[in-house]
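Observations on chain architecture
Below, each chain spelled out in residue letters.
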Amino acid sequence: SVDWSPDGTKLGSASCDCTVKIWNAVTGKLILTLKGHSNQVTSVVWSPDGTKLASASVDATVKIWNAVTGKWILTLVGHSGNVTSVDWSPEGTKLASA
């Protein structure tokens, strides 16, 4: 999946190579590669304030990342299989995943 940053200047993309990538939406240049999943990343979404990214993976986890530095913040576990979708609540305080 891909998702626009709230300000429209960046794109986040999920990848088969176990990474999340952040791209400059104007130039198309890669800004950051986020590494930490152990299997294909299926979904990525920006937080409403644009400071974080959440990613879902076939590795049965959801990860939260700092969208500015690319540093991993937290891994959410609890799924028994592939996680194919993730989304922030409108206020950006909760995540839903499936």
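Placed above this text is the structure.
One structure accompanies this document, and this report is about it.

1. Some words on the sheet that holds strand β8 (residues 72-76)
Reading across from one edge, β5-β6-β7-β8 is the order of the four strands in this open sheet, with antiparallel pairing throughout. Sheet topology places β5 (41-46) and β8 at the edges, where each strand pairs with a single neighbour. On average, each strand axis in the sheet is tilted by 20° relative to the strand beside it, whichever way the strands run. Here strand β6 (residues 52-57) runs beside strand β7 (residues 62-66); their pairing, made up of five bridges, is antiparallel. Each bridged residue has a counterpart across the sheet, and for S55 the counterpart in β7 is K63.

2. Overview of the sheet that holds strand β3 (residues 19-24)
The strands making up a sheet associate through hydrogen bonds between their backbones, and the pairing can be parallel or antiparallel. The antiparallel open sheet is built from four strands, whose spatial order is β1-β2-β3-β4. Every other strand in the sheet has two partners, leaving β1 (2-4) and β4 (30-35) as the edge strands with one partner each. In this sheet, neighbouring strand axes are inclined to one another by 20° on average, regardless of whether the strands run parallel or antiparallel. In this structure, β3 lies alongside β4, joined through five bridges in antiparallel fashion. Residue pairing for β4: K21 is matched across the bridge by T33.

So, how was this worked out
- Residues numbered from 1 in each chain as written.
- Predicted model: local features only at pLDDT ≥ 70, side-chain atom pairs only at ≥ 80, totals over all residues.
- Heavy atoms only, no water.
- Pairing = 2+ DSSP bridges.
- Helix = DSSP H or I, 4+ residues; strand = E, 2+ residues; numbered from the N terminus.
- Axes fitted to C-alpha atoms, helices over the stretch in contact; angles between N-to-C directions.

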